[in-house]
Amino acid sequence: MAAKLSTCFLSHGWGSLDCKRSNGRFLAPSHRLLPASCKMRHRNFSSQHKRQQTKKVSPDRRPTNSHFQSNGDEDTEPENALADGVSSLNQGTIPDDEDADVDSHIAIEHINDNPLKHLTVSEEMTPLGINVKSGEQLSSFQLEDLVGMLKNAEKNILLLNQARVRALQDLEKILTEKDALQGEINILEMRLAETNARIKVAAQEKIHVEILEEQLVNLRNELSHRGVTEGSGADMHENWNKAFDGVHSLGKELSLLRTENVSLKDDILALKEELSHVQKTDKRVVMLEKERSFLESALKELEFKLVASQEDVSKLSTLKFECKNLWDRVENLQVLLDRATDQADKAILVLEQNQELRKKVDMLEESLEEANVYKLSSEKMQQYNDLMQKKIKLLEERLDRSDEEILSYVKLYQESIKEFQDTLNNLKEESKRRALNEPVDDMPWDFWSRLLLIVDGWLLEKKISANDAKLLREMVWKRDGRIRDAYLVCKDTNEHEAVAIFLKLTSSPKRSRLHVIHIAAEMAPVAKVGGLGDVVSGLSRALQKKGHLVEIVLPKYDCMQYDRIRDLRVLDMELESYFDGRLFRNKVWVGTVEGLPVYFIEPHHPSKFFWRGTVYGEHDDFRRFSYFSRAALELLLQAGKKPDIIHCHDWQTAFVAPLYWDLYAPKGLNSARICFTCHNFEYQGTAPASEMASCGLDVHHLNRPDRMQDNSAHDRVNPVKGAIVFSNIVTTVSPTYAQEVRTSEGGRGLHSTLNSHSKKFIGILNGIDTDAWDPATDVYLKSQFNANDLQGKAENKEALRKHLGLSYADTRRPLVGCIARLVPQKGIHLIRHAIYRTLELGGQFVLLGSSPVPHIQVEFEGIANHFKGDDHIRLILKYDESLSHSIYAASDMFLIPSMFEPCGLTQMIAMRYGSIPIARKTGGLNDSVFDVDDDTIPLQFRNGYTFLNPDEQGLNGALERAFNHYKTNKESWQKLVKKDMNIDFSWESSALQYEEIYEKSVARARAASLV
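Here the structure is a predicted model, which means the values were calculated and not measured.

**Regarding the overall build of the protein**
Alright, step 1. When its secondary structure is counted, the protein shows 22 helices and 22 strands.
Alright, step 2. Residue burial in the protein is summarised as follows: out of 1011 residues, 44% are buried.
Alright, step 3. Looking at the protein alone, contacts between residues at least 24 apart form 76% of all its contacts between residues at least 6 apart.
Alright, step 4. Accessible surface computed for the protein: about 54400 Å², of which carbon and sulfur atoms make up 53%.

This is the structure:
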């Protein structure tokens, strides 16, 4: 179009609507055909340029007046505020751009009821800027103006929505008219096609008539030449007239068709003209669409401004509330200040009165001093006399006490002489008894264990009575020479005669010592996974050497080292035990392991509990070991055993304690005291409470906070907690670890339970098997050595370097060893750091161990590959028993940087092989490794290097001190190596402590039974 509405500005927040004329004159516009070229321009409400910051309110007065300031728009066009509505559009004429010869105008009428007319805003709608003058109070701020603006904005949004609806309705009407016109055009085109067809037919007929005329002329000419007769000529003339009439009629018809064709052409032209008008209408529809989209965007912008205004209102409310609170606080402070002022005034008055009183007191003191001068001499004399009297009285009292002490010493001396005489007599009698009952030492322990198993086998096979079996056990226990002689006599006889010979020995029974039965999941060397197996076998042998009867009950795993069991045989008996509401059969096997009698229980359960190819790590471990614990107690009951101590270990056999007291003590197995040892409180075996019912324990009775209920989950039970509650003795594997687990950090949730039962809880440091770990007899070493001859240690160091491909040119280069499971408990981040730090300090590092955690294993495999060709670092990521002995013997230093360590055996083994430990002060490491530079520790106990903080700085300090000592003082280092090799880490001292707590517990039980 030649002329159109160029721009339509919406300014002042819909304040005015101004349309500029660009060409021609506008007629009254129609709201339906309003051009879409009107553009609406809105104000920029950017908070960055428009919004003012709220000024701070003076705290000494409440604000009394506030006002809003509006920023003017930067546009140069005129801006008019809408007070009564939107200003009407200027009128003009819009000529048709496409058809210049057609003098047509589009009428644009002003519609009074247009919704846009009623868009009103009381004031220019700009971002709010709050200007609070000094001394004005925000509490009196009136929000009427802002509320009015918000209401007007909501009305304007409603009006815009109504305008949008009308525009859509007009658009639908235009589209409907367009479709009707298109239908009419299609009909006219069909009529035109029919007319064209008829014209073609008429043209063909015309051609045919012309041909006939030519033929007629030719015929007439031919007749004229031939000279036809008059009659025949008349006939021909008649025929000619008929033919001419036909041609004439055809000509008329043709003329009619031509006339109709002309009229159709005129209609087509008229339709084309109307179609051009429709196309123009389509363009206006497009313009209306653009206008509608523009109105929508303007509506969205207005909604955004409304949301911003609402946020400003909420902020104003918050500020008002805060200001009110601040004013209240100021008033409170003023009240407090007034009170303080009053108190200060009172204090000043009191102070003035005190000063007056002080003056009077000073005057009185002066007068008293004058009076005291006269009395001083007499008072001194009196005091001297009193003092002398007191001294005389004190001397008399001391003399009396001295007489009493002399009499008590005389009496004590007399009692001591009597006690010494009694002791001497007892020793004489004991010496006589020992001379009569001296045990036989010429037979190995395997002999006595085999003899004990023979007696138990006869009892279980019902060949001897329980009393006879008990007497025979005691004789074996005491290594009585008579039962040895009886066995040698009946060695070649049949079993019936042998039983008869043994029964003759029961006529003179002797008093026994302690009978201890260990129920455990591990025992070295037949079923060893960790340190538990070493403890069971080491402690049992040490107690056996002290003359106690010790037996072990184990599950019969399919993965045991059966070649380490001597005389393994199955008993001819059936042991039935309860589980899952029914009885299951079990086979009982017996054999000796390193001289100790061992019972192996093989369950005939469909789940094949111990035929899994592994000891631990199954999904049903709770069920496996609760079954075994009950079956073990059932074996003791049916075998008629009356042990003094039943010792269970870790959560796998912790079920023994509640099973014993709840189920088996009432059945007659009531002679024992229960001892429970937890080797690592990190593993507690918790499970849903319902699973406890499988082994026959009462869930309702035991799932209580004071019994087996887990401290962190009330629907779960904790076997370790149950053993702590139900055992008579509770031990762990080092004194320091016993203190650590009584804290919230180390107790793993059981610290409160341990503190409640602290009287029966003790830490006893484990020992090591000094026969298995002896560098003087170790068959895995290339050269055996001892503390007096360290040449073999140097040879083992050279042999290990060659075996691992390390450099052995410098014999004085220190070698650091580390053997550990690579788990977070062992301080793997410190092990990793020590590898690199050792290399920096000029040493060599050898690591032996693997990780059950996949990402840790992968990480150390990467380190191993990195140092694969290095001459000083080697990582062997598996466990190799032979290689472990070689590393202990070859290393100069041994690293144990554990985060926590219940006991730890590697530091003891390392010292026995002359390797100086570098350990963190925690658990059993703190009880066995003492820093050589710690002056608070007696010199004879210092044996290694320690650090406290589990970080790289702490490790660096200990490692650097050890390297410095090794490199700078060879003689002192050799003395330290020899001292460490001579330290006694055997089970003797540990077994002595266990023997003591066993005997105390048994003695208390016997004393209680006599009451």
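**Focus on the packing of helix 14 (residues 791-804) against helix 17 (residues 881-890)**
The axes of two packed helices give the description: the angle between them and the distance between them.
Alright, step 1. Put simply, helix 14 and helix 17 touch, their axes get as near as 8 Å, and they point 125° apart. In this view, helix 14 runs oblique relative to helix 17, as classed from their interaxial angle. Crossing hand, helix 14 versus helix 17: left-handed. Across the interface between the two elements, K793, N796, K797, L800 and H803 from helix 14 touch L883, S886, I887, Y888, A889 and A890 from helix 17.
Alright, step 2. Here the residues of the contact of helix 14 with helix 17 sort into six nonpolar, three polar and two charged.

**Some words on the environment of L790**
Alright, step 1. Here L790 shows up in the loop between strand 16 (761-763) and helix 14.
Alright, step 2. For L790, a relative accessible area of 16% translates into the label buried.
Alright, step 3. Sequence separation of L790 and Q974 is 184 residues, and the distance between their C-alpha atoms is 8.8 Å.
Alright, step 4. Contact partners of L790, with chain neighbours within four places excluded, come to F785, Q974, V977, K978 and M981.

**A look at the sheet that holds strand 19 (residues 873-876)**
Alright, step 1. An order of 19-18-17-20-21-22 is seen for the six strands of this open sheet, with the pairing classed as parallel. The outermost strands of the open sheet, each flanked by one partner alone, are strand 19 and strand 22 (945-947). Taking the axes of each pair of neighbouring strands and ignoring which way they run, one obtains an average angle of 15° across the sheet.
Alright, step 2. Direction of pairing for strand 21 (residues 916-920) relative to strand 22: parallel, over a ladder of three bridges. Within strand 22, the residue paired with I918 across the bridge is Y945.
Alright, step 3. Packed onto the sheet, helix 21 (residues 970-981) meets strand 20 (893-896), strand 21 and strand 22 and runs at close to 80° relative to strand 21.

**Some details on the confidence of the model for the protein**
Alright, step 1. When the pLDDT values of the protein are averaged, the result is 79; 78% of them are 70 or greater.
Alright, step 2. Mean pLDDT across the elements of the protein bottoms out in strand 1 (residues 8-11) (36) and peaks in strand 20 (98).

**Observations concerning helix 4 (residues 466-477)**
Alright, step 1. The terminal C-alpha atoms of helix 4 lie 16 Å apart, and with 12 residues this matches the ideal 16 Å at 1.5 Å per residue to within 8%.
Alright, step 2. Its buried side turned inward, helix 4 meets helix 3 (445-460), helix 5 (481-489), helix 6 (495-504), strand 5 (515-519) and strand 6 (549-555).

**Structural notes on the side chain of D931**
Alright, step 1. Mapped onto the elements of the fold, D931 is located in the loop between helix 19 (923-928) and strand 22.
Alright, step 2. Here R961 takes part through its side chain, which lies 2.8 Å from a polar atom of the side chain of D931.

**Some words on the side chain of Q844**
Alright, step 1. Along the polypeptide, Q844 turns up in strand 18 (residues 844-848).
Alright, step 2. Given a relative accessible area of 0%, Q844 falls into the buried group.
Alright, step 3. Looking at Q844, its side chain comes within polar contact range of the side chain of R801, at 2.6 Å.
Alright, step 4. Beyond its immediate chain neighbours, meaning those up to four positions away, Q844 contacts R801, L806, S807, R813, P814, L815, V816, T838, D871 and H872.

**Describing the environment of Y627**
Alright, step 1. Here Y627 lies in helix 8 (residues 621-638).
Alright, step 2. Distance in space between the C-alpha atoms of Y627 and S694 is 8.1 Å, their sequence separation being 67 residues.
Alright, step 3. The contact partners of Y627, leaving out residues within four places of it in the chain, are S577, F579, F584, R585, N586, P603, H604, H605 and F609.
Alright, step 4. Side chain to side chain, Y627 and N586 meet in a polar contact 2.7 Å long.

**Re helix 6**
Alright, step 1. For helix 6, every residue scored as buried is listed here: A498, V499 and F502. When helix 6 is viewed along its axis, its buried side chains cluster within an angular range of 100° and face the same direction. Exposed and oriented more than 90 degrees from the buried face of helix 6 are H496 and K504.
Alright, step 2. As for helix 6, its buried residues are in contact with helix 3, helix 4 and helix 5.
Alright, step 3. Capping the start of helix 6 is the job of one residue whose side-chain oxygen sits 3.3 Å from the backbone nitrogen of H496: N494.

Conventions and cut-offs
- Residues numbered from 1 in each chain as written.
- Predicted model: local features only at pLDDT ≥ 70, side-chain atom pairs only at ≥ 80, totals over all residues.
- Heavy atoms only, no water.
- Helix = DSSP H or I, 4+ residues; strand = E, 2+ residues; numbered from the N terminus.
- Buried < 20%, exposed > 50% of the residue type's maximum accessible area, 1.4 Å probe, protein only.
- Contact = heavy atoms within 4.5 Å.
- Areas by Shrake-Rupley, 256 points an atom, 1.4 Å probe, with all protein chains shown as cover.
- Axes fitted to C-alpha atoms, helices over the stretch in contact; angles between N-to-C directions.
- Parallel < 35°, antiparallel > 145°, perpendicular 65-115°, else oblique.
- Left-handed = near helix turned anticlockwise from the far one by under 90°.
- Nonpolar A, V, L, I, M, F, W, Y, C, P; charged D, E, K, R; others polar.
- Pairing = 2+ DSSP bridges.
- pLDDT = per-residue confidence, 0-100.
- Expected span 1.5 Å × (residues − 1).
- Polar contact = N/O pair within 3.5 Å; in protein donor to acceptor, adjacent residues only side chain to side chain.
- Arc of directions from axis to C-beta.

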